Amino acid sequence: YYIDSGEATISGYQSGVSRIIVPETINSYQVTSIGDRAFDSADITSIYIPSCVTSIGNKAFNNVTNAVIYYGGSSTDSFDSDWNNEGLVCYLNIAKNEILLQDEMEFIKDPNDITSAIVSGHTNNANRVVIPASVTINNEILAVKTIGESAFKGAEKLVNVRFDSNSNVKTIKSSAFADAENLQ
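Residues numbered from 1 in each chain as written. Predicted model: local features only at pLDDT ≥ 70, side-chain atom pairs only at ≥ 80, totals over all residues. Heavy atoms only, no water.

Estimated volume of the largest pocket: approximately 170 Å³. Residue lining of the largest pocket: Val89, Cys90, Tyr91, Leu92, Pro111, Ile118, Thr146, Gly148, Glu149, Lys173 and Ser174, and that is the complete set. Broken down by class, the residue content of the lining of the largest pocket amounts to six nonpolar, three polar and two charged. (1 Å grid on protein atoms, 1.4 Å probe; cavity = no way out; pocket = protein on both sides within 12 Å on 5 of 7 lines; lining within 4 Å. Points joined across faces, edges and corners; volume = space filled by probe spheres on them. Nonpolar A, V, L, I, M, F, W, Y, C, P; charged D, E, K, R; others polar.)

Structure follows, in structure tokens:
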């Protein structure tokens, strides 16, 4: 990272970390930007970006193909027009405490149905997963009704997906299992 005009910009990342949480501050400086190609070729599965980040540079996620972006803000209009050149799934208005990691899967509350949850991502560590009937996020029990777009994209180790016997899944979005080549 670097500091300019009293604000912090993320300029790169530490290899070996697959789930990134961009902090709101670094050494008392508010993080307001992610620089050009900051995560170029990063081997990440998800990134949380707080709403204080109002600028994301050109090709910030270049060559990142299997990650999900969770953004605390309501719009990406102020970001560089080519910030998400890889077309990664980006969920808006997500608070950091609204992302649940459970059994090598990530879940968020469905913004279109407040009684349900979406399987939104994966850690790429599991070879078998069971999609639960429900999850608890912020003390709310939510029915898992949707497997989100690209939720298991590129899950190289995944060979088996099962559904809880009381499954509530009604929708599997496009590309949910894209490039999960070992899935049987």
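Still more to cover.
Another aspect to go through is a negative patch on the surface. Together, Asp43, Glu156, Asp179 and Glu181 make up a negatively charged patch on the protein surface. Examined against the element boundaries, glutamate 156 turns out to sit in the loop between β15 (140-147) and β16 (160-163). (Patch = residues over 30% accessible without salt bridge, like charges linked within 9 Å, V, L, I, M, F, W, Y side chains within 5 Å. Areas by Shrake-Rupley, 256 points an atom, 1.4 Å probe, with all protein chains shown as cover. Salt bridge = Lys/Arg side-chain N within 4 Å of Asp/Glu carboxyl O. Lys, Arg positive; Asp, Glu negative; His and termini not counted. Charge placed at Lys NZ, Arg CZ, Asp CG, Glu CD. Helix = DSSP H or I, 4+ residues; strand = E, 2+ residues; numbered from the N terminus.)

Mapped onto the elements, asparagine 62 comes out in the loop between β7 (55-56) and β8 (68-71). By relative accessible area, asparagine 62 is classed as buried at 10%. Side-chain polar atoms of asparagine 62 contact the side chain of aspartate 40, separated by 3.4 Å. With residues near it in sequence (within four places) discarded, asparagine 62 still touches Arg37, Phe39, Asp40, Ser41, Asn85 and Glu86. (Buried < 20%, exposed > 50% of the residue type's maximum accessible area, 1.4 Å probe, protein only. Polar contact = N/O pair within 3.5 Å; in protein donor to acceptor, adjacent residues only side chain to side chain. Contact = heavy atoms within 4.5 Å.)

Remember, this is a structural readout, not a statement about activity or role.
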